[in-house]
Amino acid sequence: MRIVHAAVAGCLVLATGACGTGGVTYAAARAAVRAPGKGGDAVRQRTVLGRMDGLPEGFFSHARAPWRPPFRPRARACRLLFDAAAGRPPREGLSGSTAATYQAAHAGELAGVGVAVYDGGEAAGHLAALRDALSHCATADGGTPYDRLTAARTPLPGIGGADAAARALTGRVGGYPYRMHLVVARSGHTLIALVHAGLTPPDPARTAELTRLLVREVGTLDA
């Protein structure tokens, strides 16, 4: 039984990899969408996520494959947020997107990042939609008590304003205690979705630091 528990915990730790395949697959940040004539955008996005040297202490700078949600939420609002962080952002006006995951030292801790660049003013509209999804994602569950996260009332300090919003979720994944911070932000024409999660409760200060770093780095995509 102890071996089974260890295997399940290992699957959560490797949330972005294929559990049971006999190893961990490392990959560079991958461009999920490339619109006609926008190949340069995709390359620049991969470059930004692939060189995140200023990550908070304890995070490994090597970019891994896009985040894979541990379950598919039944609530549409939660699905929109999970999808955006996994590299499946809103598509209207999308010129390119990419996603990556950064592993951390604590048990099961990771940061899943989705970055999407939009034409015109579409990024602002999509940010508003994702902010609304945050307010309506009260419960993320996969239909079982073993995969169920509920929104915490305590706000995440250091994240807010017109161009950023966040929400904390707490509960269980695979039957194990799990904590998750969801963040959406915008920098110019670029939309960012961040999941900071783990078996060990993620530090809100590190979530805020990650958000500031991402906003600063992706700002170069509008240059």
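Residues numbered from 1 in each chain as written. Predicted model: local features only at pLDDT ≥ 70, side-chain atom pairs only at ≥ 80, totals over all residues. Heavy atoms only, no water.

**Student:** Outline the nonpolar core, supporting the account with residue identities and numerical values.
**Tutor:** Burial of nonpolar side chains together is a common tendency in soluble globular proteins. Judged by nonpolar contacts, the single largest core of 32 residues is most densely connected at W67, L81, A140, L149, M180 and L182. Breaking this core down by element, the ones donating at least two residues are α3 (76-85), β3 (110-118), α4 (122-136), β6 (164-173), β7 (176-187) and β8 (190-198). Setting aside its immediate chain neighbours within four residues, L149 contacts F71, A138, T139, A140, L169, T170, G171, R172, V173, Y178 and M180. Within the second largest apolar cluster, 24 residues are counted, among which are F59, I159, A168 and L213. (Core = buried A, V, L, I, M, F, W, Y, C linked by side-chain atoms within 4.5 Å. Buried < 20%, exposed > 50% of the residue type's maximum accessible area, 1.4 Å probe, protein only. Helix = DSSP H or I, 4+ residues; strand = E, 2+ residues; numbered from the N terminus. Contact = heavy atoms within 4.5 Å.)

**Student:** An account of helix α5 (residues 204-218) is needed here, citing residue identities and associated values.
**Tutor:** Taking 1.5 Å per residue as the helical rise, α5 with its 15 residues ought to reach 21 Å, and the 21 Å between its terminal C-alpha atoms agrees with that figure. Turning to α5, its buried residues number three or more, namely R206, T207, A208, L210, T211, L213, L214, E217 and V218. The backbone nitrogen of A205 has a side-chain oxygen 3.0 Å away, supplied by the residue at the start of α5, namely D203. (Expected span 1.5 Å × (residues − 1). Polar contact = N/O pair within 3.5 Å; in protein donor to acceptor, adjacent residues only side chain to side chain.)

**Student:** Before we move on, could you go through the side chain of D147 and cite the residues and values that matter?
**Tutor:** Structurally, the position occupied by D147 is in strand β5 (residues 147-151). This buried residue, D147, is left without a salt bridge; R172 holds the nearest opposite charge, at 9.9 Å. A polar atom in the side chain of D147 sits 2.7 Å from the backbone nitrogen of G174. Excluding anything up to four places from it in sequence, D147 contacts F71, A140, D141, G142, R172, V173 and G174. (Lys, Arg positive; Asp, Glu negative; His and termini not counted. Salt bridge = Lys/Arg side-chain N within 4 Å of Asp/Glu carboxyl O.)

**Student:** An account of the state of the cysteines is requested, with residue identities and associated values reported.
**Tutor:** Under the counting rule described, the total for this entry stands at one disulfide. Here C78 is linked by a disulfide to C137, with a sulfur-sulfur distance of 2.1 Å. Because the sign of the S-S torsion sets the handedness, a value of about 110° for the bond joining C78 and C137 places this disulfide among the right-handed ones. Taken together, the residues C78 in helix α3 and C137 in the loop between α4 and β4 (139-144) connect sequence positions 59 residues apart. (Disulfide = S-S within 2.5 Å.)

**Student:** Now, about the pattern of salt bridges: what can you tell me, with residues and values included?
**Tutor:** Scanning the model with the defined rule gives five salt bridges in all. In this structure, D141 and R74 form a salt bridge, with 2.8 Å as the shortest nitrogen-oxygen distance. Here D141 is found in strand β4, whereas its partner R74 is found in the loop between α2 (39-50) and α3, with 67 residues between them in sequence. Residue D141 is classed as buried on the basis of its relative accessible area of 6%. Accessibility expressed as a relative area gives 55% for R74, which makes it exposed.

**Student:** Please set out the environment of L94 residue by residue, giving values where relevant.
**Tutor:** Mapped onto the elements of the fold, L94 is located in strand β2 (residues 94-103). Judged by its relative accessible area of 10%, L94 is buried. Separated by 95 residues in the primary sequence, L94 and H189 place their C-alpha atoms 9.8 Å from one another.

**Student:** Give me the lowdown on the pairing of β5, citing residues and values where you can.
**Tutor:** One ladder, built from four bridges, connects β4 with β5; its direction is antiparallel. Each bridged residue has a counterpart across the sheet, and for T139 the counterpart in β5 is T150. Counted between consecutive antiparallel strands, the loop separating β4 from β5 contains two residues. Of the pairings in the sheet, the one linking β5 to β6 comprises four bridges and is antiparallel in character. Directly across from L149, in β6, lies its bridge partner G171. (Pairing = 2+ DSSP bridges.)

**Student:** Could you give an account of empty space enclosed by the protein, naming the residues involved and the relevant values?
**Tutor:** Where empty space is left in the structure can be found by rolling a water-sized probe over the atoms. Overall, the coordinates contain two cavities of 30 Å³ or more when judged by the stated rule. A volume near 60 Å³ is recorded for the largest cavity. As for the largest cavity, its lining consists of 13 residues, of which A84, P89, G114, A116 and L191 are closest to the centre. When contributions to the lining of the largest cavity are tallied by element, the ones reaching two or more residues are β2, β3 and β8. Class assignment for the residues of the lining of the largest cavity results in nine nonpolar, four polar and no charged. The computed volume of the second largest cavity comes to approximately 30 Å³. Every residue along the wall of the second largest cavity is listed here: L81, A85, L182, V183, V184, A193, L194 and V195. Counting only elements with at least two residues in the lining of the second largest cavity, the list comes to α3, β7 and β8. Along the lines of polarity and charge, the residues of the lining of the second largest cavity split into eight nonpolar, no polar and no charged. (1 Å grid on protein atoms, 1.4 Å probe; cavity = no way out; pocket = protein on both sides within 12 Å on 5 of 7 lines; lining within 4 Å. Points joined across faces, edges and corners; volume = space filled by probe spheres on them. Nonpolar A, V, L, I, M, F, W, Y, C, P; charged D, E, K, R; others polar.)

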